[in-house]
Amino acid sequence: MKKRLISGLLCAAMALSLVACGGSDSASNEAADTSGGDASLDAGNDETAGEDTASEDDGSEEASGSGEGSGLELAYNLATEDFAVFEGLIKDFTAETGINVTIYNGGDDYESAMKTRMSSGDLPDMWVTHGWSIIRYSEYMMDLSDQPWVANIDAGLKDVITNDNGELFILPITQAVAAIMYNKDVLESAGVDPTAIRTWDDFNAACQAIADNTDATPIELCLGDAFDAYMLEVIWPTLYSNSDIADNKAAALQDGSFDFTTDGADSFQMVSDWFTSGYFNEDYVSGKKDDICSALANGEGGFALYSTEMIPSILAYNEEANIGILPVPAKDESAASYFGTGEGNFSCFGIWKDTEYADECKQLLEYLARPEIAVQVVKIDGGIPGLTDTVLDDNDLAAYTTNAFKEAQSQFDGDLVYDNFFDREYLPSGMWSVMGDSLGTLLADGDPEGSKEEAMGMVQDNYSDLMGN
């Protein structure tokens, strides 16, 4: 994908791929009911247990759905109470058009289920691409570059989701951003100016100031679920792949010649040094995403290396939390700060190129792209709007992330580089779980220096195998 240095305003997007579809029966066995008569919706099970997972989390929760074979099938991937909101939007579409829609919600099994369905050729008529519209799904999807809503896609995001042939395969209602979230009040108490954090050395100094001057933990980390992979997700581009790095190794990463035991050693050393300096929360081994969100919400933590999609969860713990977004610091003063960008996880929809219901699917996309509908999907997803005509009320918590991102872009104007999420662009099939597992290997026993070789070897072995080396 294209990398570019941008100094102006860019609303961009991530990561996180994840949770959703499954099943073996394609809904394209019956024609969609467009008669406008007895319009009905057959939706997936409204299970609310579980939460969003990271981009390569192949969970084991059993997929659930009902009413299969009734109209077109839409595979969705949200396993929280917000799924009911999406169900309601689709029910309204059915009532308006008479087009029956089966939502198949695979929950945490979405990743593996979609891979199985691709290999069998039995794909849903529409599905959520969770960050992989080009690299993983494009050969199965319909080119949508001629659709009317394309004109409203944010220019920066459009570049990331368009291939070299000018093809575009999704309606991107939101975009995600890999960055560093921080509690503004904690940094102020520590005497830290976040706009002055331009390099990793600056970041280390800020962590030490938090440790010296506050009771907060400098860096919140959790090894208790898949979200710890974000630490490497945000570090690696700044050291290895960003276009402004004089010795960037993007080509080596993509041709399989990169060696994480040598070329990648400095990233693991960085994390080891943070541990040795006492920058992590005490419960980092058992901690989970919710613990990180709670800590940042209540001023118990300073930084979290993550995705902007965590901000709604932080605000759910404390609506008065003062949260900012920091671009990922540069390797040194010669390079720029970085935002990882890409399509949102629960809000980017494409169409199977072999569907029997192409017209009905396009009609559903046009419906979802309407500003009054898209804004509701943005609230479900928690991301940043991907369509320029989506307007959020500033009094709505859903606008918080977008405003914080714009603030960061303004503060770092002229000193920003953007690229696709690292794992999507440079690692075979994402390797998301491997990234998280390697951090667990590095840190779980409290001896990162002694575990560093094993952790690096784990990444390298998987990378080599997947690259066919």
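Residues numbered from 1 in each chain as written. Predicted model: local features only at pLDDT ≥ 70, side-chain atom pairs only at ≥ 80, totals over all residues. Heavy atoms only, no water.

Q: Which residues make up the overall build of the protein chain, and what values do they have?
A: Secondary structure assignment for the protein chain yields 16 helices and 14 strands. In the protein chain, which comprises 469 residues, the share counted as buried stands at 61%. Long-range pairs, those at least 24 residues apart, make up 81% of the contacts in the protein chain with a sequence separation of at least 6. (Helix = DSSP H or I, 4+ residues; strand = E, 2+ residues; numbered from the N terminus. Buried < 20%, exposed > 50% of the residue type's maximum accessible area, 1.4 Å probe, protein only. Contact = heavy atoms within 4.5 Å.)

Q: Any details on the pairing of strand β11 (residues 337-343)? Residues and values, ideally.
A: The two faces of a sheet get side chains in turn, since along a regular strand they alternate between them. Burial analysis of β11 places seven of its seven residues in the buried class, the great majority of the element. In terms of strand pairing, strand β7 (residues 174-183) meets β11 through four bridges, oriented antiparallel. Bridge pairing in β11 links Val177 to Thr341. Across five bridges, the pairing between β11 and strand β14 (residues 416-420) is parallel. (Pairing = 2+ DSSP bridges.)

Q: Explain the packing of aromatic side chains to me, and be specific about the residues and the numbers.
A: Evaluation of the coordinates by the stated rule reveals 23 aromatic pairs. Residues Phe339 and Tyr418 carry aromatic rings whose centres are separated by 6.0 Å and whose planes lie at 40° to one another, so their mutual orientation is tilted. Linking Phe339 in strand β11 with Tyr418 in strand β14, this pair joins segments that are 79 residues apart in sequence. Summarising the burial analysis for this pair, Phe339 and Tyr418 share the class buried. (Phe/Tyr/Trp six-rings, centres within 6.5 Å; stacked < 30°, edge-to-face > 60°.)

Q: How would you summarise helix α2 (residues 110-120) if you had to cite specific residues and measurements?
A: Those residues of α2 lying buried are Tyr110, Glu111, Ala113, Met114, Arg117 and Met118. For α2, the buried positions fall inside an angular range of 165° around the axis, keeping them on one side. With respect to the buried face of α2, the exposed residues turned more than 90 degrees away are Thr116 and Ser119. Buried residues along α2 sit against β3 (72-76) and β5 (126-128). (Arc of directions from axis to C-beta.)

Q: Account for the pattern of salt bridges, naming residues and giving values.
A: Inspection of every chain in the model, using the stated rule, returns 10 salt bridges. Between Arg136 and Glu111 there is a salt bridge, with its nearest N and O atoms 2.3 Å apart. In this pair, Arg136 sits in the loop between β5 and α3 (155-161) while Glu111 sits in helix α2, placing the two residues 25 residues apart along the sequence. The two residues Arg136 and Glu111 agree in class, both being buried. Each of Glu111, Lys115 and Arg136 takes part in one network of salt bridges that share partners. (Salt bridge = Lys/Arg side-chain N within 4 Å of Asp/Glu carboxyl O.)

Q: Mind laying out the nonpolar core, listing which residues take part and the relevant values?
A: Buried together is how nonpolar side chains tend to be arranged in soluble globular proteins. Counting residues in each nonpolar core, the largest one holds 88 residues, and the members touching the most others are Trp274 and Phe303. Among the elements that take part in this core, helix α6 (residues 230-241) stands out by supplying eight residues, more than any other. The next biggest cluster of nonpolar side chains, apart from the first, holds 58 residues, and it includes Ile90, Leu123, Cys348 and Ile373. (Core = buried A, V, L, I, M, F, W, Y, C linked by side-chain atoms within 4.5 Å.)

Q: A description of unusual backbone geometry should follow, citing residues and the corresponding values.
A: A positive phi is found at His130, a non-glycine position, where the angle reads about 40°. For His130, the position within the fold is in the loop between β5 and α3.

Such coordinate-based values are descriptive only and should not be taken to indicate function.
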